[in-house]
Amino acid sequence: MLAKTQEDIEGLRMSGKILSDVLKELIPLVQVGVTTAELDLAAEKGIREQGGVPAFLNYKPSGASFPYPAALCVTINDEVAHGIPSEHRAIADGDIVSLDLGVSYNGYVTDAALACIVGAGDADAQRLLVAARESLDAAVATLKAGARTGDAGAAVEVVAKKYNVAIVEDLGGHGVGKSVHEKPYISNVGKKGTGDVLPLGSVLALEPHLTLGKGDIVLEDDEWTYATHDGSRAAHFEQTVMVTEAGVEILTPF
Ligand code: MF3
Ligand code: CO
């Protein structure tokens, strides 16, 4: 969406604040033995306590065979995106865990994600996480009124190369604000100066997905979870931002 009115801006800020608060509350719960269903329950409770609604719950994008059944997406190790929480899936030491959450507040939707390592993790896991965070920040830094979607993709490519990690080219950022996925699509690869021009007030979710192997993904049998084709580990960070004349306002700060 394009944020135009003060009401839009305040609604988006509140939605993003709830999302940031809840994501931050989840981090200390990511411990050995905790199930992903427990994380989902905590996420939903946290959102509702602050007057929000889980934006992913029952969301059905075109092409999906059934609505997403949870508030939170949890992806571990070789899983890349849209991991459905389960009471049978417990977190283990060394896991790379990405938590992806959406909030709707007064109809305003924000979308954000962060990744963490359970325990110390190995050097590759640490490199992947640094790359994932840095690539998001680099992409966000390209945004301002009049910038182009290709600027963000080009910035992700530079960081991925620096850390020798792969980009999942089939997943990307998107407009957000009134629903979870809106135009434009923002690829995580691109050429500076190409792609859609971003108008003032654009509300966007950027989400580079990086892997330690190749960037190809497969859809698992649950029809929601994407995993790497080669079994390599993946991580992502995501922020919802609002485009300003000078840059962006980050609506989901963490
Ligand atoms: N950040 C994820 C994305 O944009 C959120 C997916 S919500 C889901 O794809 F409900 F589709 F899982
Ligand atoms: Co998203």
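Below, the structure is looked at part by part.

Procedures and definitions
Residues numbered from 1 in each chain as written. Chains lettered and ligands numbered in written order. Predicted model: local features only at pLDDT ≥ 70, side-chain atom pairs only at ≥ 80, totals over all residues. Heavy atoms only, no water. Helix = DSSP H or I, 4+ residues; strand = E, 2+ residues; numbered from the N terminus. Rg over C-alpha atoms; globule rule 2.2 N^0.38 Å. Buried < 20%, exposed > 50% of the residue type's maximum accessible area, 1.4 Å probe, protein only. Polar contact = N/O pair within 3.5 Å; in protein donor to acceptor, adjacent residues only side chain to side chain. Contact = heavy atoms within 4.5 Å. Near = heavy atom within 4 Å. Areas by Shrake-Rupley, 256 points an atom, 1.4 Å probe, with all protein chains shown as cover. Nonpolar A, V, L, I, M, F, W, Y, C, P; charged D, E, K, R; others polar. Pairing = 2+ DSSP bridges. Salt bridge = Lys/Arg side-chain N within 4 Å of Asp/Glu carboxyl O. Donors = N, O, S within 2.8 Å, 3.2 Å for Na, K, Ca; no water. Tetrahedral: all angles 85-135°; square planar, octahedral: opposite > 155°, others 65-115°. Expected span 1.5 Å × (residues − 1). Arc of directions from axis to C-beta.

### Examining the overall build of the protein
Part 1: Across its full length, the protein carries four helices and 15 strands.
Part 2: Relative to a compact globule of 254 residues, whose C-alpha radius of gyration would be 18 Å, the protein shows 17 Å and is just as compact.
Part 3: Taking the principal axes of the C-alpha coordinates as reference, the protein spans close to 45 × 40 × 35 Å.
Part 4: For the protein, the residues scored as buried account for 54% of the 254 residues in total.

### Here's the deal with the side chain of H174
Part 1: Position of H174 among the secondary structure elements: in strand β7 (residues 172-175).
Part 2: Residue classification places H174 among the buried positions, given a relative accessible area of 4%.
Part 3: Within the structure, H174 has its side chain in polar contact with the side chain of E207 (distance 2.9 Å).
Part 4: Reaching out from H174, the side chain makes a polar contact with the side chain of E238 at a distance of 3.4 Å.
Part 5: Look past the residues within four positions of H174 in its chain and what remains in contact with it is D111, V180, H181, E182, P184, I186, L204, A205, E207 and E238.

### Topic: the site of ligand 1
Part 1: What surrounds ligand 1 is the set F56, Y59, Y68, C73, H82, D100, D111, H174, H181, E207, W224 and E238.
Part 2: D111 is positioned with one of its side-chain polar atoms (N or O) 3.0 Å from a nitrogen atom of ligand 1.
Part 3: H181 places a side-chain nitrogen or oxygen 2.7 Å from an oxygen atom of ligand 1.
Part 4: Surface burial for ligand 1 is 96%, taken as the share of its 340 Å² of free accessible area covered by protein chains.
Part 5: Considering only residue class, the shell around ligand 1 consists of five nonpolar, three polar and four charged.

### Topic: the sheet that holds strand β6 (residues 166-167)
Part 1: On the basis of which strands lie adjacent, the open sheet formed by three strands has the order β6-β10-β13 and antiparallel pairing. One side of each edge strand has no neighbouring strand; the edge strands of this open sheet are β6 and β13 (234-236).

### Some thoughts on the environment of Q50
Part 1: Mapped onto the elements, Q50 comes out in the loop between α2 (36-49) and β1 (53-54).
Part 2: Under the relative-accessibility criterion, Q50 is labelled partly exposed at 27%.
Part 3: Considering only alpha carbons, one finds Q50 and L19, 31 residues apart in sequence, at a separation of 9.6 Å.
Part 4: Not counting residues within four places of it along the chain, the set of residues in contact with Q50 comprises I18, D21, V22 and E25.

### A closer look at the pattern of salt bridges
Side-chain pairs of opposite charge can arise whenever the charged atoms involved come near each other.
Part 1: Scanning the entire structure with this criterion turns up nine salt bridges.
Part 2: Between E44 and R48 there is a salt bridge, with its nearest N and O atoms 2.8 Å apart. One end of the pair, E44, and the other, R48, are both in helix α2, four residues apart, so they sit about a helical turn from each other.
Part 3: Note that R89 is salt-bridged to E79, the shortest N-O span being 2.8 Å. On the criterion of sequence distance, the pair formed by R89 in the loop between β3 (79-81) and β4 (96-105) and E79 in strand β3 is long-range, its members being 10 residues apart.

### Concerning the coordination of the cobalt ion (ligand 2)
Part 1: Within the protein, D111 (OD), H174 (NE2), E207 (OE) and E238 (OE) serve as the donor atoms for the cobalt ion (ligand 2), at 2.1 to 2.2 Å.
Part 2: Around the cobalt ion (ligand 2), the six donor atoms are arranged such that angles at the metal cover 75 to 170 degrees; this shape is classified as octahedral.
Part 3: Ordering the donors of the cobalt ion (ligand 2) by residue number gives the pattern D-x62-H-x32-E-x30-E. Residue E207 is located in the loop between β9 (203-206) and β10 (209-211), and its partner E238 is located in the loop between β13 and β14 (239-243); the two are separated by 31 residues in the primary sequence.
Part 4: Take E207: its relative accessible area is 7%, and that puts it in the buried class.
Part 5: You can call E238 buried: its relative accessible area is 0%.

### What to know about helix α3 (residues 123-141)
Each turn of an α-helix holds 3.6 residues, which means side chains three or four residues apart point in the same direction.
Part 1: With 19 residues, α3 ought to run about 27 Å at 1.5 Å a step, and its terminal C-alpha atoms sit 27 Å apart, in line with that.
Part 2: Within α3, burial applies to A125, L128, L129, A131, A132, S135, L136, A139 and V140. Considered in projection along α3, the buried side chains sweep an arc of 165 degrees and stay on one side of the axis. With respect to the buried face of α3, the exposed residues turned more than 90 degrees away are A123 and A141.

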